[in-house]
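# Results of the structural survey
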Amino acid sequence: MDVLSLDQEVGAWDSVLLDPLTEDSFIANLHQRFKRDHIYTYIGDVVVSVNPYKKLALYSGELVKAYRCRGPYQLPPHIYAIAGSAYRFLRDRNEDQCIVVSGESGAGKTEAARIVLQFVALASGQSREVMIMKERLVQAGPLLEAFGNAKTYRNDNSSRFGKYLDIEFDYKGDPLGGTITNYLLEKSRVTCQAQGERNFHIFYQLLTGADIQLLKSLKLQRNLDNYAFLRSSRIHSLENLDDKQDFQVTRRALETLGFSQEDAVNVFKIVASVLKLGNIGFIPTNNIDGTEGCTINNDYEVFDVCQLLGTEFSALGSSLTQRTITVCATKCCSSPVPQQRFNSPSKNVTRELYDVCELVGSDQATLQGAMTSRTLEESQDFVTADLSASEATYARDSLCKALYSRLFTWLVNKINESTKVKHYGKRKVLGILDVYGFEMFERNGFEQFIINFCNEKLHQVVMETTLKEEQEEYVHEGIEWTPIEFFNNSVICELIEKNNHGILSMLDEECLKSGVLSDEVFLRKLAQCCADNSHCEVKGTAVSHRNFVTTPGASDNSLPPNCFRLRHYAGTVTYNVCGFVDKNNDILHRDLSLAMYRCEHPLLKTLFPEGNPKRSSLKRPATTGTQFKISISALIRNLSCKHPHYVRCIKPNELKQPRIFEMALVQHQVRYLGLIETVRVRRSGFCYRLPYQQFLSRYKMLSLHTWPNWQGPPVEGVSYLIRDLPIPSGEFAFGRTKVFVRSPRTVFELEEFRRERLEDLAVLLQKIWRGHRQRKEFLLKKNSQVVIASAWRSWRAREEYRILRHRKQVEWAVNIIQQHYIHWKRWQFLLRLARQLPPESESPVNREWPSCHRRLTETSIILRRIHHKWRCHKYRLKFDQTARNRMREKVTASIIFKERKASYPRSVSHPFLGDYVRLRQNVQWKKACVETNDQYVVFADIINKITRSSGKFVPILFVLSTSSMLILDQRTLQIKYRVPAAEIYRLSLSPYLDDVAVFHVRAPQLRGDEPPEHSWLPVSE
């Protein structure tokens, strides 16, 4: 069959095209296509998949490439088309997507989810990092199927857990990593399976596919009949499954996902421990005090488990047969509780108990005690009480279920660590939802109730998205619409999850109360709350008339005792409440947790953190129903924020055989899935809608009126845009805020037009770039031509250049030799200078200096100055304080008079005395200076004063103190003039060889506007 041609399609490949549209014509179309192996049919953008129960040649890399590159309505219906649409929307529109796979158990949901993941792996990039991540995402499926899938009455590979996979992509559309969320593993299957069903696949894979060395290290035997947990189903092999080959697939998946060899062996040890624990039996015994106890009849199994898990036999054995109970000091007991009582195993210790202890690494006595007795704590004293055989069996089953379910959760977390995105940031996400399908067996318990509740919530989301919200949007947007009726299961969801009055709330209330817990009490409360609800029918036990409760108007003839009946969207299911309270509690006693935590097995401390003795918080965990309700609510919120794509799976027959199409069964599924209503909405409604601004932003390049920017109202721009498109206007409808597109084909045509226009724009950019590149190449060639044209001129001047270069080299060599010779002469000069300096050259007054070559004159002058400074420095170092003061005075005089006074050189050699007439020792002066405050004499000497009248020289005593200038009689020392120092504002000297000094003194003011007069005092020394 040519799967890439619509011409070869049988019947209506899109149910929207059916005419007339009836339930019979829809089912007949599915049947007609099913007989020709056309298992996929469209309902607009929804894919209906009929399980063929055989392998078909519909999946390959070539098909992935075809559906990736072409639109969904150019090729026959296929799940690849839905996956391709989600992938394109995610990559091109930058929107988060999700693919919801729904249907009842056995409809092929797990296989459909695997095909979607296969498409993503084949359609994305091929770099090394991306290939590694894709391989991990793909291999996570077989690993989780091995540990979470099992054969049921309706499905050979039924998922006994819910799985939601979030794959994160980069801007190129390559997967960077993923996160798996699991929902409520059916762990009761570990210890009990219905007739005709099997335990989880991993048990059979391990015993069938493991080599002898691995089995021996795990204390296992290949015979499946040796294990009680596998004997009950009496179905060991399946036609469609090869456990031996699947075990090798599981081992490869562990390696791909980063599990070390040690991690894999540790996982298999826990699996083996579950099998070995299942073989442990208990023999009832009567204690001396009259209480009932038990002993382990096959201790060797416990020993094997202890070796596997790394604990002692006594620790594991006691945790299975005894229990620690906390009793208040004021509590009265009707029967005495044995203190620290433990029934030791018989002397004939068999192999089973020791094998169990070796597997878990535990002590045999501890394991045996935990299974056969309980410990009471009274006033902080621990008391151990024996368990009856039935209680010990229940404790063993609880431990097995806890071991397996927590191991499964650990595997999911380990996978998430291996596939998590290494870099943080906002990225696009594609979600794939694959949960257990709707189930309805002869006996339905708590697990079926939870599974069906999950399907109710998922069906509610699908119906609200595809039918309710879509029709409400048409009305809100003002689109002409005839309402299409459909069954709304919100009342059933509310009945189950409503706070305080829902079934789960009443079940939690019964679980959390103190005292004896009873399923019958829960059933009576359920009957009272659901008395007026037509979707629930309740019947109590037939033993006591008081417990016989029925809802009004209900027929109890077909309802067994201790059961209630719910009208689900997929049919009416009868649930037996036996075990509801216990399974909802899901409490593992602390003795078993302590025994597991003390094991040496590396995983058990992670799996049983509550067993840590140092843990102070013993808070009661939430019930199973509450945890599941919270998880489902989070899942619904996650799905609501993504663009959904739906795959509705249909089971054609109950026999799981190909070529069989049961009309009644398919009709039932078509009805409760609401497929006919979906077809009617898709036929009359619109498959795609966008706000005007977003529509204009995405498709504005398709019209010259709107490209590149539209300045007017968005709705007007959309009108211009649609008028310019070669698409009938009937395919579009204008709402208040959005534009609606009727058919998916039109959406695809819009995307094709957009893609072609973007290609044209890309070609335009390429053309401009190529023109720029060609011009750049032309300019380069032009420059090359100029270079070539100028080459001959270079050649013509080459000889001249060579001669010139040789001449320059000769000159360079001469210069180098000359420079070296000059350097050598300089060096010789320095050496000769050091030898020719006379010994007295260190004196500052020595003027001798060796002669030098005329080229070294400047250097000789610099060296002479440096040498003079150096010898002056050495000379100054020899001064005492008095000599230093004198030198400072001479330096100051040099600064003032050098090269300014002609007589300065004659005074350099004479030290400055100041008091040349020894005035400071004169007694008369000492008396007179006190009166005038002139004690500090700076200068005193006999000078010649020029008289004003005759101009003659008159000798006088001139004294200069720190405070004034005085003119005294040289004989009598009588003060003739005294001028304060503040009145002297200038001192003038002539630059010649005379000794004339003029002191400028401020004259008294005659008038305020006249300038001061100067007093001139010519002196001669």
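For the rest of this paragraph, the subject is the overall build of the protein. When its secondary structure is counted, the protein shows 33 helices and 28 strands. When burial is assessed residue by residue, the protein has 49% of its 1021 residues classed as buried. Put simply, of all contacts in the protein between residues at least 6 apart along the chain, 68% involve residues at least 24 apart. For the protein, the computed accessible surface area is about 52900 Å², with 53% contributed by carbon and sulfur atoms.

The biggest cluster of nonpolar side chains holds 116 residues, and the ones touching the most others in it are Phe147, Phe203 and Met596. Ignoring any residue separated from it by four or fewer positions in sequence, one finds phenylalanine 203 in contact with Val190, Leu230, Val271, Val274, Leu275 and Tyr404. Counting 77 residues, the second largest nonpolar core, distinct from the first, contains Val48, Tyr183, Val435 and Cys530.

It is worth spelling out the pairing of strand β16 (residues 571-576) at this point. In the sheet, strand β15 (residues 563-568) pairs with β16 via 6 bridges, with the strands oriented antiparallel. By the bridge assignment, histidine 568 is partnered in β16 with glycine 571. Connecting the antiparallel pair β15 and β16 is a turn made up of 2 residues.

What follows is about the side chain of asparagine 298. Along the chain, asparagine 298 falls in the loop between β9 (292-296) and α11 (299-309). One polar contact links the side chain of asparagine 298 to the main-chain carbonyl oxygen of asparagine 279, over a distance of 2.3 Å.

Quick look at the sheet that holds β15 now. Reading across from one edge, β14-β15-β16 is the order of the 3 strands in this open sheet, with antiparallel pairing throughout. Unpaired on one side and paired on the other, β14 (536-539) and β16 mark the two borders of the sheet. Along the sheet, successive strands turn relative to each other by an average axial angle of 15 degrees, direction set aside.

An order of β1-β2-β17-β3-β13-β6-β7 is seen for the 7 strands of this open sheet, with the pairing classed as mixed. The open sheet is flanked by β1 (40-43) and β7 (175-183), the only strands paired with a single partner. In this sheet, adjacent strand axes meet at a mean angle of 20 degrees when their direction is disregarded. Across 7 bridges, the pairing between strand β6 (residues 162-169) and strand β13 (residues 428-434) is antiparallel. Bridged to isoleucine 167 within β13 is leucine 430. Helix-sheet contacts for helix α3 (residues 79-92) involve β1, β2 (46-50), β3 (97-102), β6, β13 and β17 (643-650), and the interaxial angle to β17 is about 170 degrees. With respect to the sheet, helix α25 (residues 675-684) is in contact with β1, β2 and β17, its orientation differing from that of β1 by roughly 50 degrees.

Note on placement: glutamate 889 falls in helix α31 (residues 881-897). For glutamate 889, a relative accessible area of 36% puts it in the partly exposed group.

This brings us to the packing of aromatic side chains. Counted according to the given criterion, the structure contains 29 aromatic pairs. Judged by centre distance (5.3 Å) and plane angle (80 degrees), the ring pair of tyrosine 569 and tyrosine 672 falls under edge-to-face. Residue tyrosine 569 is found in the loop between β15 and β16, and its partner tyrosine 672 is found in helix α24 (residues 663-672); the two are separated by 103 residues along the sequence. The same class applies to tyrosine 569 as to tyrosine 672, namely buried. Grouped by ring-pair contacts, the aromatic residues Phe446, Phe449, Phe522, Phe564, Tyr575 and Phe580 constitute a single cluster. Sitting over the face of the ring of tyrosine 204, arginine 198 holds its NZ or CZ atom 3.9 Å from the ring centroid.

Time to look at unusual backbone geometry. Negative phi is the rule for most residues except glycine; trans is the rule for most peptide bonds. Cis geometry is adopted by the peptide bond preceding proline 20, which originates at aspartate 19 and carries an omega value of 5 degrees. Along the chain, the position of proline 20 falls in the segment before α1 (23-35). Look at the link from tryptophan 707 to proline 708: it is a cis peptide, with omega at 0 degrees. Note on placement: proline 708 falls in the loop between α26 (692-699) and α27 (714-723). Its identity as a non-glycine residue notwithstanding, asparagine 562 has a phi of 55 degrees, on the positive side. Tracing the sequence through the fold places asparagine 562 in the loop between β14 and β15. For aspartate 586, which is not glycine, the phi dihedral falls at a positive 50 degrees. Residue position: aspartate 586 is located in the loop between α20 (580-585) and α21 (590-597). For aspartate 586, a relative accessible area of 35% translates into the label partly exposed.

On to the pattern of salt bridges, then. Summed over all chains, the structure comprises 35 salt bridges. Note that lysine 525 is salt-bridged to glutamate 510, the shortest N-O span being 3.6 Å. Taken together, the residues span a long stretch of sequence, with lysine 525 in helix α19 (residues 519-529) and glutamate 510 in helix α18 (residues 503-512) at a distance of 15 residues. Through salt bridges with shared partners, one network takes in Arg160, Glu186, Arg189, Glu197 and Glu439.

Turning to a nonpolar patch on the surface, a few remarks are in order. On the surface, Tyr875, Met887, Val891, Ile895 and Ile896 cluster together into a nonpolar patch covering about 460 Å² of accessible area. At 4 residues, the largest contribution of residues to the nonpolar patch is made by α31. Judged by its relative accessible area of 41%, valine 891 falls in the partly exposed class.

We now examine the confidence of the model for the protein. For the protein, the mean per-residue pLDDT works out to 82, and 89% of the residues sit at or above 70. Within the model, pLDDT remains below 50 along residues 376-380, and this stretch shows 20 contacts once partners closer than five positions in the same chain are excluded. A low-confidence stretch, residues 1006-1021 stays under pLDDT 50, and its non-local contacts, those more than four residues away or across chains, total 39 contacts.

Any two packed helices are characterised by how steeply their axes cross, that is the angle between the axes, and by the distance between the axes. Where α1 meets α24, the closest approach of the two axes is 11 Å, and the angle between their N-to-C directions is 120 degrees. The pairing of α1 with α24 is recorded here as oblique in orientation. As for the relative orientation of α1 and α24, their crossing is right-handed in sense. Only Met663, Val666, Gln667, Val670 and Arg671 of α24 make contact with α1, whose side of the interface consists of Glu23, Phe26, Ile27, Leu30 and His31. When its residues are assigned to classes, the contact of α1 with α24 shows 6 nonpolar, 2 polar and 2 charged.

Now for the packing of helix α16 (residues 446-476) against helix α17 (residues 490-497). Taken N-terminus to C-terminus, the directions of α16 and α17 make an angle of 140 degrees; their axes are 9 Å apart at the nearest point. On the basis of their axis angle, the class for α16 and α17 is oblique. Regarding α16 and α17, the two cross each other, and that crossing is left-handed. In this structure, α16 uses Phe449, Phe453, Glu456, Lys457, Gln460 and Glu464 to contact α17, whose residues at the interface are Ser490, Ile492, Cys493, Ile496 and Glu497. Class assignment of the residues belonging to the contact of α16 with α17 gives a composition of 5 nonpolar, 2 polar and 4 charged.

So, about the environment of lysine 738. Its place among the elements puts lysine 738 in strand β20 (residues 738-741). Taking relative accessible area as the criterion, lysine 738 reaches 21% and is therefore assigned partly exposed. Sequence spacing of lysine 738 and proline 691 is 47 residues, and the spatial spacing of their C-alpha atoms is 4.1 Å. Setting aside chain neighbours within four positions, we find lysine 738 in contact with Glu473, Glu477, Arg689, Leu690, Pro691, Tyr692 and Ala733.

We now examine the pairing of β17. The buried fraction of β17 is high, at 6 of 8 residues. As defined by bridge partners, β3 adjoins β17 across 6 bridges and the pair is classed as parallel. Note on β17: the bridge partner recorded for valine 101 is valine 647.

A few words now on the state of the cysteines. Counted according to the given criterion, the structure contains 0 disulfides. The thiol of cysteine 578 is unpaired, and the distance to the nearest cysteine sulfur, on cysteine 563, comes to 7.2 Å.

Rules and cut-offs
Residues numbered from 1 in each chain as written. Predicted model: local features only at pLDDT ≥ 70, side-chain atom pairs only at ≥ 80, totals over all residues. Heavy atoms only, no water. Helix = DSSP H or I, 4+ residues; strand = E, 2+ residues; numbered from the N terminus. Buried < 20%, exposed > 50% of the residue type's maximum accessible area, 1.4 Å probe, protein only. Contact = heavy atoms within 4.5 Å. Areas by Shrake-Rupley, 256 points an atom, 1.4 Å probe, with all protein chains shown as cover. Core = buried A, V, L, I, M, F, W, Y, C linked by side-chain atoms within 4.5 Å. Pairing = 2+ DSSP bridges. Polar contact = N/O pair within 3.5 Å; in protein donor to acceptor, adjacent residues only side chain to side chain. Axes fitted to C-alpha atoms, helices over the stretch in contact; angles between N-to-C directions. Phe/Tyr/Trp six-rings, centres within 6.5 Å; stacked < 30°, edge-to-face > 60°. Lys NZ or Arg CZ within 6 Å of the ring centre and 35° of its normal. Salt bridge = Lys/Arg side-chain N within 4 Å of Asp/Glu carboxyl O. Patch = residues over 30% accessible without salt bridge, like charges linked within 9 Å, V, L, I, M, F, W, Y side chains within 5 Å. pLDDT = per-residue confidence, 0-100. Parallel < 35°, antiparallel > 145°, perpendicular 65-115°, else oblique. Left-handed = near helix turned anticlockwise from the far one by under 90°. Nonpolar A, V, L, I, M, F, W, Y, C, P; charged D, E, K, R; others polar. Disulfide = S-S within 2.5 Å.

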